[in-house]
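Coordinates in review
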Amino acid sequence: MRKRRRNSLDTAIVDVWQREVGQVSTRNFAHRLAASEDLVLRLDIFRKLEKHRGCVNTVSFNADGDIVVSGSDDRRIIFWDWETGSVELSFHSGHNNNVFQAKIMPYTDDRSIVTCAADGQVRHAQVLERGEVETKLLGKHQGRAHKLAVEPGSPHIFYTCGEDGLVQHFDLRTGAATQLFTCQSFHDRSYMPIIYLNAIAIDPRNPNLFVVGGSDEYTRLYDIRKYKWDGSTDFGQPMDYFCPSHLIGDEQVGITGLAFSDQSELLVSYIDEFIYLFTREMGLGPYPDPVSTDSEASEMGADHHSAFPSAMDADVKDSPQVYKGHRNCDTVKGVNFFGPKCEYVVSGSDCGRIFIWKKKGGELIRVMQADKNVVNCIEPHPHTTVLASSGIETNIKMWTPNALDRATLPTNIEKTRSKPRGGWLNHMALPHDFMMQLFSQERRSASPVHDGDNSAAGRQLVELIFTINTNSDGSSDDGGKTSGPEDFFH
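The protein chain is annotated in an unreviewed UniProt entry as Transducin/WD40 repeat-like superfamily protein from Actinidia rufa.

A word on the pattern of salt bridges. Throughout the structure, instances matching the rule amount to 14 salt bridges. Between Arg-280 and Asp-203 there is a salt bridge, with its nearest N and O atoms 3.0 Å apart. Here Asp-203 lies in the loop between β14 (197-202) and β15 (209-214) and Arg-280 lies in the loop between β20 (275-278) and α4 (295-300), a separation of 77 residues in the sequence. Taking relative accessible area as the criterion, Arg-280 reaches 30% and is therefore assigned partly exposed. Lys-333 serves as the salt-bridge partner of Asp-350, at 2.3 Å between the closest nitrogen and oxygen. With Asp-350 in the loop between β23 (344-348) and β24 (353-358) and Lys-333 in the loop between β21 (321-323) and β22 (335-338), this residue pair connects regions lying 17 residues apart in the sequence. In this structure Lys-333 comes out as buried when scored by relative accessible area, which is 0%. Here the salt bridges share partners, and the residues they tie into one network are Glu-37, Lys-358 and Glu-363.

Here we come to unusual backbone geometry. We note that Arg-75 has phi near 70 degrees; this positive angle belongs to a residue other than glycine. You can see Arg-75 is positioned in the loop between β3 (67-72) and β4 (76-81). Of note, the phi angle at Asp-272 is positive, near 60 degrees, even though the residue is not glycine. Checked against the element boundaries, Asp-272 lands in the loop between β19 (266-271) and β20. For Asp-272, a relative accessible area of 7% puts it in the buried group.

Strand order in the open sheet formed by four strands is β10-β11-β12-β13, with antiparallel pairing between adjacent strands. Since the sheet does not close on itself, it has two edges, and those belong to β10 (147-150) and β13 (176-182), each with one partner. Between one strand axis and the next, the sheet turns by 20 degrees as a mean value, whatever way the strands run. Across four bridges, the pairing between β10 and strand β11 (residues 157-161) is antiparallel. Paired with Leu-148 across the two strands is Thr-160, which belongs to β11.

This next bit is on the sheet that holds β15. In sheet architecture, strand pairing relies on hydrogen bonds along the backbone and comes in two forms, parallel and antiparallel. In spatial order, the strands read β14-β15-β16-β17; together these four strands make up an open sheet with antiparallel pairing. Where the open sheet ends on each side, the last strands, each with one partner, are β14 and β17 (240-242). Direction aside, the axes of adjacent strands within the sheet are offset by 25 degrees on average. Across five bridges, the pairing between β14 and β15 is antiparallel. When the bridges of β15 are listed, Ala-199 appears paired with Gly-213.

Cut-offs and rules
- Residues numbered from 1 in each chain as written.
- Predicted model: local features only at pLDDT ≥ 70, side-chain atom pairs only at ≥ 80, totals over all residues.
- Heavy atoms only, no water.
- Salt bridge = Lys/Arg side-chain N within 4 Å of Asp/Glu carboxyl O.
- Helix = DSSP H or I, 4+ residues; strand = E, 2+ residues; numbered from the N terminus.
- Buried < 20%, exposed > 50% of the residue type's maximum accessible area, 1.4 Å probe, protein only.
- Pairing = 2+ DSSP bridges.
- Axes fitted to C-alpha atoms, helices over the stretch in contact; angles between N-to-C directions.

So this is what it looks like as structure tokens:
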């Protein structure tokens, strides 16, 4: 006799019974409930938070999860009580251009906020008594600064990365900005010697480790303990690289989003491609050599890792998990884990939808219509089954499992659809993008560590300016209003 397949109601009854008889602890019961696929399938819009007057480029929760902080093209920072929809605090960030990220520093009673923006500035805001806010400039990138990463559990330390390829370390106790390194390409790409950096993330299990990603195919892993604070060493050499084998040597892809799970798993979201999940054992080592990659095997999507001293040589099963179905071509999108133990992967899409996959196996289980245009940011609540999302629209949407019926996948989702491969040159049409590269090149050439052929690379970059396609649409990475040269030189 065949057993009847257990449904979600059966599972819930068993879980409640096990909790009541002591077979499951209250904590584990809460985790099982929060990770329930049934709750994910019942996610629906609980509330829209509407006060910004431009695209909302960043949303995040405070540690307690009762406050959402957002930043926008209107250059304002807003604190929301997301359950009631009321604005708790609103202030001007001090930035001269679109705010790209805003984070509340931990253990500061929600009174210390760090921000970065399209003007390249990194700023610190302090909420004083009676709700007054004081902001100050901490540092600057030559070009847009898309992301910052706060050291877990630290009220003082955070990092930033920018399109100038620079990674900076900040300590709020001193207000000092330390320029760690400028990320450089080891490909023969004379037109782009510096890697535009779009994303940075810190490993929560080991905050000494952080990764960056940008305008090439590699995610680079660094250990801050190897940095000599007297500047006596060149810290620019990563301790490991991560990349799917079939993308090694692909000059048309880049990285827009990075995230670590609480098990140190690494999510990487590629532009014009898919999302991949890596474990530490999947690293390519500190010296990957794309020249040694077999081009024929690359076309077939075969394993290239025989060229690298890595655990990836062992077995095909060490290939990263892939998540497909969304579209990431137009903007700098983040990616995230969801669930109390990171059981799910979530991402926005150019089609205005939110995609949710099971982390294990990569099954797409939920597609939710969120915006009319593009969804860029998906932020999970720190303790329960709640999501915040934002994108090109001027509002923030809060998602809770309040739907009466379980959702089903739309029939028009093409899970393995091909995507146009425009390449990163299509995102380099603005004069300030090229000027930013030149400034970065000048900074490198001024350093004794890089006193070589930098001038030649700089001249080649100038030549590219005069040969670039003048028919580019000039749209900005964030999908909002494109900033002109006058914004860049603020």
